[in-house]
Every structure is written in structure tokens, then in C-alpha cells.
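Overview (structure and organization)
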Amino acid sequence: MTTRQKKHLWTAVHLLICILIGFVMAYPLLWMVGAAFKQNGEIYNNSHIFPRGEWVLTSWRDGWYGVGTLHFDTFIKNSILVVVPNVLFTILSCTLTAYGFARFRFVGKKIFFMLMLSLLMLPNAVIQVPTYILFRDFGWLNSYKPLIVPSLFASSSFLIFMLVQFFRGIPKDLDEAAIIDGCSSMGILVRILVPLCLPAMVSAGLFQFLWTWNDYFHPMLYLNSTNLYTVSLGLRMSLDATTGVQWNNIMAMSTLSILPCVVLFFCLQKHFVEGIAAGGLKG
Amino acid sequence: MTQSKFRLFLRNNKGFLFILPWLIGFLVFKMYPFFNSLYYSFTKYNLMKAPAWLGLDNYIRIFTKDKDFVPSLLVTLRYVILVVPIKLLLALLVAMLLNRTSWVMNFFRTIYYLPSIVGGSVAVAMIWRVLFSETGVVNAFIGTFGIQAQTWLSPSLALFTISLLNIWTFGSTMVLFLAALKGIPKDLYEAAAVDGVPRLTVFFRITLPMISSIIFFNLLMALVNAFQEFNSALLITGGGPLKSTYLYGYMLYDNAFVSYKMGYACAQSWILFAIILVLTIVIFKTSDKWTYYDDGGDF
Amino acid sequence: MKKFLSLLLAALMLLAVMPAVHAEEPVTIRFSWWGDAVRHEATLKAIELFEQAYPNIHVEAEYGGWDGYTDKLTTQIMGGTAADVVQDGGHFQTYIIYGAQYTDLNDYLDIIDTSHFSQSLLESYCTVNGQLISMPTGVQAWTTLQNTSLLEDNGVEIPQRWTWDTLVEASKKLHEADPEAYMLNVSMETMTNWLFPMYIQQKVGGTVINNDYEMEFTAEDLTAYLTWLEDMWAANGLQGRSEQLLYDGSPLENPKWNGGKLAISMCSSASYSWYVYDEYLKEHIDVVDCFSFPEGEGDNDTIVVPPASFYNIPAASEHKKEAATLINFLLNDLDAGRAQGTVRSLPANSEVLSVLQAENLVDAGIARAVELGSPRACINRGTPTGLNEVQNVLADYIEQIAYGQITAAEAGPQCYEEIQEALEDVQ
């Protein structure tokens, strides 16, 4: 076998592996889409993608119009109102904080860093009630404030720690060179660290988008009025385990609600691999 | 402190200004709930009546009388040991597989990330039930390889099955590996290619060290999350059968919001906290030996 | 246009009749409930009628699915931020054990008319320590849904009335004839929270665990129940626990039920809309007349008919009067009754019920279920029976029996002792 043939073979094997794993990974989503076209009773016992019986085409419309005067467009609009500011604020505040931890020495740094990480280690179940009381005392219940304001203050320890790890991967010589060129601390962050860590920044934004978009628990706890409901609340609005559930409608709207996440990921993912000038700058 | 001294302090502690958003957020939003839960752990508190001081009673009870504590901790440990290595390894392998620019790879990256998106969906419990039922597609699939149909939620398999649910959402871990792989300077590989270094050596000598800081991060986060996991148990198994999936996080939730034993749940939380903290510190200490930072390790 | 005019006229008349109400300041009250789409639509309709009748009271409807409803209600009750009227699925009794405050509705009997409600119902289910804490949204019964053709096709004789023993016998026959088929479709909750009290109540004829946290049954009674479960598993009347477990949250979504391989399901009449969306099920399963649940022999064949859910006014409410007005309207107004139909099972208000029946607005199945159940409705099983601690102990032992790790004869006394300990702990 020539090297060229070998290479072709390797490419084919590579592709085959990708397709195989890909099918396993995509199956649940495909099933979900298929379920939207199944009759309700069939959903429970048909684990194949395509409906056995008649194709149901009404789930999308019925799911969209939902209950009462509220339609799915309200939920989508509300979710955007929560998610967009939340993601922007989170990236901003977490980047600043991560920069502080990654590049500076200051009094009590180790203690603060440990404290920041500690916040990840205490289960939510026990923090939730005092947090609720706190927001109640602020008068923030039944508004988006509990879902947005904390993001201004770097509330995600996960993302801070993640960005710290990536910032630490950038050689300090670059900072020092920039300082000699007259760059301020802020300038180093904006001109050197952020562009070099673009994949990490994109991932951070993407993760935060996904978590906030999918989050059911916090909106459920803090929002009372149905006209404030986000997509995740809207999806579960008519889900009552003790009565009948129109699963095909829910599957249709579920599919619709994850679509923005899929599209966003697809559009942003080139940042994870395609090189920018960074490669040459580094090392 | 006089003004000039304050200025001097700020000049020497510039980083302080940058972490200020976090610090304010911590003082305003996090500190009270955080330490309050520590206080509750020393009380009898059912959410409806004011907490009553108990001293160490909750802790003593957990270690001496609680029949669920040790088994649940062991189940959680098994879960962690099952999930963390497989998830990391899989994420890294797939990231390497996908780390190239082509339209096809863009497509596959998205496909592999799908479970992480669907994983938070309302439909996930339903999907899981349908796929893993007696006559579900998973049994049909392994049947084509001549493997006998399995009862996926039997006492011996249930923990493995809910581990699969977690492993299946390796997308985020994979994305971070991709981001890290991208940060490796190309000239390192070029130099290795010029010297004719074998692929495997390149992987162990260049790739792994260069992404070690992200391996470290992913490892720590996977551990922290696996220790606290309870959603899959809540949605699919209810902790059963025979408590084989009675994860620590689920036990906590059960105590706090179903039995209204918030004080007790807080004590259990702080025990879990201590366990994770010790583990984290150990990993941090050893990480000096195996992680490489471009900033010269100065932290 | 005509409709509009008549509405306008009605509104004007109302204004004339109730000048006092009209003069009051406009008030907004909050009303929270959970449910499915049908319940939401109907309740919104009733609220609309209410706002027409009481233009000074605006109702902020806070509704959603069941997921997290109790978590949120717990948090809200504790934080004093719950709505002015809350629908509660019976948790209120547990809450009160733990010290939560609800308004004593006895103080608002001038607003809430209870004359069409069974006083014994109000006493046994809505009264705690002499305080009327809640009003029942409806009465329900556990009903037996039966796949008659599955039984007939496999040559299983269907008795006039199932008893605990005939179920075991029929299970054997059914499974022999069709190895894929099982008799009973139950969840763990059915076994611990419904079948168990039902069985015990038939034995002792009264409460199961009384409000002083005392068990009113013996270890032998408990052993007898566990033995029945053991027999059912041995006779293949119940699916293996590993399969059953998957559908603990919603047994009616078990594919074996939907696929015609389970003969009998239990269902609350409050959940009767379970097949409304299910064309497939309607077509493939021969659904059922409603039965009351398997009774024992003898005189004590009581069954449980608790209210489906309750309306409560949290103590922290600032608009108790208006909240009481809303509760009264939802339960007593005939038009509101028509609008709501049976979305919270059969109305507990006899007048509303007779109107609904006269106008054919009652699902025949629900009506029959409650009709069969009511004469044999027993007194309250006792609030502590449903305590999570008790349920957990039972569930542990039942699961061990299911996997053959312990015999019912061994499990009975041990389980009894552990329930005792759990009850002492709660106190």
C-alpha cells in the first residue's frame, strides 16, 4: 500500500468512526424530533425515530399557541431578555476577575481564590433558601433581577476558574513587552489576553448561554407572573405528571427551544479550531 | 488609613481592583447564604419554624445513626470513579479526532455537542426511559451484536446506566479540550516533525503537557459535579432500586425539600463540602508536579 | 353583539346589587395553581367570570406545571411570599405539622358558603386543631382502569368485584397465558401511599397512623399487606421492580400499559384527563369502566376518597377577604362551576355537582368512580401516614421483597419497628 492509499484509508476510517459516534450522540435528538410527529400514545412505546402510525402535524402549531393568551413567542422574547444581558455581563465580569487572579499578586489572593472555588462545592439545595430570602428582602421577586443582576458580579466560579486556567497559558513575557510599549493593565487584557484566549472566551459565553437558556429551577423559583415566563418555564407549563401530558406538543417545542443553542454552537465553533494570528505570536 | 497610604495599597495590589466585581458579588449575594447554611447545620430547622440550636447533634447523628449516610457515600464514590475518568478520556479522544478544519468536522463537532444541549431539556427523562426500556432501542442495538437484552435499571446496572447519562454529555469538556489544543503553538509540532519524533511521543511529550492546565481544570470540575449529581437519580431512578443510585446529592435534596430536615441536610452538605475541599486541595498540591503553565507557574 | 349586551346588562345589574363592593378600592390578589392545559384554560375562564362579577378585584393568575411546584410553595410559605390563594395537593397538612401558618377559614364563613359541602368531608380533611384550614377543590376516588379485552382474550375470569385474593389468582392465569402480560400497573407511591393505607383501613376500619403519631395497626397487619405484595410478585401480577421503577413518576405512561400488556391501572379521578390526548390509547385499549379499588371481604371494605386538592389562604396574605371571595366564587358560583367542570375532579359542592350532572358536563367515568366510592368512603387515614419518613421505610422494605432479599414474614416486624422509630423521630 502506498502512503497515499494509506492516507485515504485513514481518512475513511476516521470518518466512519465519526459517523458511528455521531449517530449515538444525535439519536436522542432525532428521536425527540420524531416524537413531535408521533401520536401521543405512541411516544411511550416507540423508541424508533419515525412514527409507526399516522404522522401528526399539529403538534408544532398547538405547542406554539399553548395555553390561554400566552404564546411561545412571549416565552422566547422573555428568555432573550434574560439570557442576553446575563451572558454579556457574565463574560465581562468573569473576564475581569479571572484577569485579576491570573496576573496579579495582592493581599489575600490565595484565600479569595480558595473561597471563590469553595462556592462550587456546597450543594445548591442548602444555599437556595437563604438566597431566596435575600432576594425577597431586596424586593426582587417576580422580576428578572435575581436572574440578571448577580451576573454583573462574576457569579460563576466555574467560568472564572476556567478563564484563569486559559490566561495562565499565555506567557508573561508578552505582558512585559506590552508594558514596555506603554500598555496599561487594561490594555494588556484587551489587546493580548482576550484575543489569544478567544476560544476560551467563546466557550465561556456559549456555556453561560446554554445554562441560562435551559435553566428551569431559578426562573421557576423567582418568577410568578406567567407573562414573565421564560422558555423553560413555558415548556413545563402544562406538564402535570398526575394527568395526561401532550408529549408531542412538548417534544415539538423542546426541539424548537434548543434550536437557538444548536445554531449558536454551529456558528461559533470554528473559533475552537481555526487558527488566527495567535499561533505565531505565542511561544 | 490616609489617602496616600490607600493609594499605595492599591498600586501594590492592583489585582484587587480587577476582582472587585466578584468580591462585591460575594459579599452581597453569596456570603450570607454560604455561612447561613453552616449555621443551620448546627440547628434543627424545618423551614417553617425558626431554627433551634442543637450543637453537634446533626453531625453526631450522621456518623453514628444514619443508615443511609455510608451507603450513599459509597454509591457516590462509585459513580465518581465511573464517570470522571471515562468522561475525560472520551472528551479528549474525541477532541483530538475533531481537531482539524474542515466542513465535515464542523458538522461533527456540533453533533457531538448536541447531548449537552438536549441534556438540560424537559424531554430528557422521557427520552432516557424510552431508549432504555425492556423493548427499547438500546437493547435492540446491542442485540444486533448478539448481546442479550439487559435490564438497565436492575440493582447491578442502574448506577452504570445513569453514569452513561452523564458521560453522554461530555460536550462541554470536549469544547474546552479543543480550545486548549488550539492554543498549542504550531512550531512545536513542526519542530517535532522535522526531528521525526513518533506520533505517540509527540502526544505524550507535547500535547499532554501543553494542555495539562485544562486537563487539571476539567478533572476538578468533573469531580465537583459528579460528587453533587442528583438530577439523573431524581428524574430516572428515584434513588433505587435497592438504593443502588441513592447519590449523596439526591439524599440531600430528599432531606431538605421532601422531609423538611433542612438543618440536617445542611450538616450533610458541609460534610460533602469538606470531602470535596480536601480532594481539591490534594489535587492542587499534586498538580504542581504535572501541570505546566506558560506564565512560569507564578500564581 | 347580543351576547355582549346581555353581559353588559348582567354586569350593570351586579353593580346595582353590590354597591358596597363597587365602592371599594381596587385590589389585586394572586392565585397560584398547578395543572395541565385543560385545567389552566378552565381556571382562567373562571377567573374571567370572577373579575366580571367583582370588578374591583383583579386576579393575578400564577400557574404552571407540577415540576417544582411543592419546592416553590415550600419556599414561598417559609418566605411569606406565597400567593393569596394557593392550590395545595394536601401538603398543607404536612406543612402544618411542621409549623406553617394558614388562615383559619372559620373567620370567613360569612364570605365562604360551606352549606353545600359535606360537613364530614370538611371535618376529616380540611380541619386541623379545630381550624378550617382549607376548602376542597373537589372529591376524588381511586379508580381501576381495566383492559378488559386483555383479560378476556387470555381466558381470565373477571369477577363482579376484585378482591385482594382474586387478583393474585387472576395474575397467575394471565401471566401463564401471556408471559408478557402483568396484572397490576403500580408505582412505588401507589404501593406505599395508596394501597397500603387502603389495605390497613380495611383491616382496622379507621385511621392508619393517627395525629398523635401512633400506629393504629399491628405488625401482623403490616406483614399481611407485605405478604400480599410478595404473592403478587410471585404470581407475576406485578412487573419486575427494575422495569416498574422507570415509570414510578407516571405509571400511566408505562409502554406496557399503552401497549396492552398490563390489565389494571390505578388512577385518581382527579387525573382523569390522562387519556384525553391519547388517541392511540383510546383506540388500542379497551378502556374501562370505573371500579372502586380491590376490596377485602367482610364489612370493612372502605376506600379512600380524599379531596383531590385544596384551596388555602396563607397566613401572610394581606388580602384575606378578597382571597376568601375568590375561593367562594370558584367553589359556589354555578357559572364558575360550569366553566371548571371536572378539571379538579368532581366538585365537592353538591349543588354545582347536580347542575353539572343535569347538563351532562361530568365525565361518566369520574362520576361512577366517586359514586361507587362515596358510600364506602372512610374517615381520614391520619396525616402522618403520608409522611416522607414513613413512606421511605415502607418503600425500602417493599423493594427488598421485590428483589427477594427478604421474606414478607421477616420484613413485617422489622418494618413496623422502623416506622415506630421514624415516627418518634419526627415528633
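Along each chain, residues carry numbers from 1 onward, in the same order as the chain's sequence is written. Whichever chain is written first is A, and whichever ligand is written first is 1; the rest continue in order. This being a predicted model, a pLDDT of at least 70 is required before a residue's local features are given, and a value of 80 or more before pairs of side-chain atoms are given or counted; all residues contribute to the totals for chains, interfaces and linings.

**Points about the overall build of chain B**
A count of helices and strands for chain B gives 16 helices and 2 strands. Projected onto its principal axes, the C-alpha coordinates of chain B cover approximately 75 × 70 × 30 Å. Relative to its 299 residues, chain B shows a buried fraction of 46%. Residue pairs in contact within chain B that sit at least 24 positions apart in sequence constitute 69% of those at least 6 positions apart. To qualify as a helix, a DSSP run of H or I must reach at least 4 residues; to qualify as a strand, a run of E must reach at least 2; elements of each kind are numbered from the N terminus. Exposure in this text rests on C-beta crowding, where 20 or more other C-beta atoms within 10 Å of a residue's own make it buried, 12 or fewer make it exposed, and counts in between make it partly exposed. The C-beta atoms are placed from the backbone. For every residue pair, C-beta atoms are placed from the backbone, and the pair is scored as a contact if these atoms sit within 7 Å.

**Concerning the overall build of chain C**
Across its full length, chain C holds 19 helices and 10 strands. Within chain C, buried positions represent 55% of all 427 residues. Counted over contacts in chain C with a minimum sequence separation of 6, partners at least 24 positions apart contribute 77%.

**A word on the interface of chain C and chain A**
Across the contact, 40 residues belong to chain C and 31 residues belong to chain A. Mapped onto the side of chain C that touches chain A, the elements with two or more residues apiece are strand E1 (27-34), helix H3 (37-53), strand E2 (57-64), helix H4 (69-79), helix H12 (255-258) and helix H13 (279-284) of chain C. If one sorts the elements of the side of chain C that touches chain A by residue count, E2(C) sits on top with 5 residues. When residue character is reported, Ala, Val, Leu, Ile, Met, Phe, Trp, Tyr, Cys and Pro are called nonpolar, Asp, Glu, Lys and Arg charged, and the others, Gly included, polar. Classifying every residue of the side of chain C that touches chain A by side-chain character gives 15 nonpolar, 15 polar and 10 charged.

**Describing the interface of chain A and chain B**
Facing the 82 residues of chain A at the interface are 78 residues of chain B. Of all elements in the fold, only helix H1 (3-35), helix H4 (72-103), helix H5 (109-118), helix H6 (124-138), helix H7 (145-152), helix H8 (157-167), helix H11 (198-214) and helix H14 (247-268) of chain A reach the threshold of two or more residues within the side of chain A that touches chain B. Across the side of chain A that touches chain B, the residue classes break down as 55 nonpolar, 18 polar and 9 charged.

**Topic: the sheet that holds E2(C)**
All names here are of chain C. For two strands to pair, DSSP has to find at least two bridges joining them. Spatially, E2-E1-E3-E10-E6 is the arrangement adopted by the 5 strands of the open sheet, whose pairing is mixed. Every interior strand has two partners, whereas the edge strands, E2 and strand E6 (134-136), have only one. Adjacent strand axes in the sheet meet at a mean angle of 20 degrees, parallel and antiparallel pairs treated alike. Across 3 bridges, the pairing between E6 and strand E10 (residues 310-312) is antiparallel. Considered in E10, the bridge of Pro136 is made with Phe310. The axes used here are C-alpha line fits, helices contributing only the stretch in contact, and every angle between their N-to-C directions lies in the interval 0 to 180 degrees. Helix-sheet contacts for helix H6 (residues 119-126) involve E6 and E10, and the interaxial angle to E6 is about 125 degrees.

**Examining the pairing of E2(C)**
Residue and element names in this part refer to chain C. Here 8 bridges tie E1 to E2, and the two strands are oriented parallel to one another. From the neighbouring strand, Trp33 faces E2, where its bridge partner is Tyr63. Here the term right-handed applies to a crossover when the path leading from its first strand over the helix to its second strand runs clockwise, the strands being oriented away from the viewer. Since E1 and E2 lie parallel, the crossover through H3 that links them has a hand, and here it is right-handed.

**Re the packing of H6(A) against helix H3 (residues 20-40) of chain B**
For the pair H6(A) and H3(B), the least separation of the axes is 8 Å and the interaxial angle reads 130 degrees. It follows from the interaxial angle that H6(A) and H3(B) lie oblique. Like other packed secondary-structure pairs, H6(A) and H3(B) cross with a definite hand, here right-handed. Contacts between H6(A) and H3(B) involve Val126(A), Ile127(A), Pro130(A), Thr131(A) and Leu134(A) on the former and, on the latter, Phe29(B), Tyr32(B), Pro33(B), Phe34(B), Asn36(B) and Ser37(B). Per-class residue counts for the contact of H6(A) with H3(B) are 8 nonpolar, 3 polar and no charged. Between 65 and 115 degrees an angle is taken as roughly perpendicular, under 35 as roughly parallel, over 145 as roughly antiparallel, and anywhere else as oblique. Should the near helix be turned anticlockwise from the far one by less than a right angle, the crossing is left-handed, and should it be turned clockwise, the crossing is right-handed.

**Here's the deal with the sheet that holds strand E7 (residues 142-146) of chain C**
Residues and elements named next belong to chain C. An order of E7-E9-E8 is seen for the 3 strands of this open sheet, with the pairing classed as mixed. Lying at the two open borders of the sheet, with one neighbouring strand each, are E7 and strand E8 (182-185). If you compare each strand with its neighbour and ignore which way they point, the axes differ by 20 degrees on average. Note that E8 and strand E9 (residues 262-268) share 3 bridges and pair parallel.

**Side note on the nonpolar core**
Nonpolar cores are identified as sets of buried Ala, Val, Leu, Ile, Met, Phe, Trp, Tyr and Cys residues joined via C-beta atoms within 7 Å. Ranked by internal contacts, the top residues of the largest apolar core, which has 220 residues, are Leu163(A) and Phe177(B). Each domain's limits were defined by an automated method or a database of domain assignments. Per-domain counts for this core show at least three residues from each of domain 1 (10-138 + 308-367) and domain 2 (142-304 + 387-426) of chain C. Excluding residues that lie within four positions of it along the chain, Phe177(B) makes contacts with Ala91(B), Leu92(B), Ala95(B), Ile211(B) and Ile214(B). In this structure, Trp142(C), Ala170(C), Leu226(C) and Ile419(C) belong to the second largest nonpolar core, which totals 58 residues.

**Considerations on helix H8 (residues 164-177) of chain C**
Residue and element names in this part refer to chain C. One less than the residue count of a helix, multiplied by 1.5 Å, gives the span that helix is expected to have. The terminal C-alpha atoms of H8 lie 21 Å apart, and with 14 residues this matches the ideal 20 Å at 1.5 Å per residue to within 8%. Every buried residue of H8 is listed here: Trp164, Leu167, Ala170, Ser171 and Leu174. Projected onto a plane normal to the axis of H8, the buried residues spread over an arc of 115 degrees and lie on a single side. For H8, the elements touching its buried residues are helix H7 (148-153), E8, helix H10 (219-234) and E9. Directions drawn from the helix axis to the C-beta atoms are what define this arc.

**Topic: the pairing of E1(C)**
Residues and elements named next belong to chain C. Where burial is concerned, most of E1 is hidden: 6 out of the 8 residues are buried. Sheet topology note: the E1/strand E3 (residues 85-88) ladder contains 2 bridges and is parallel. Residue pairing across strands places Ser32 opposite Val86, the latter belonging to E3.

**Digging into the environment of Leu235(B)**
By secondary structure assignment, the location of Leu235(B) is in helix H14 (residues 231-237). Sequence separation between Leu235(B) and Leu56(B) is 179 residues, and the spatial gap between their C-alpha atoms is 33 Å.

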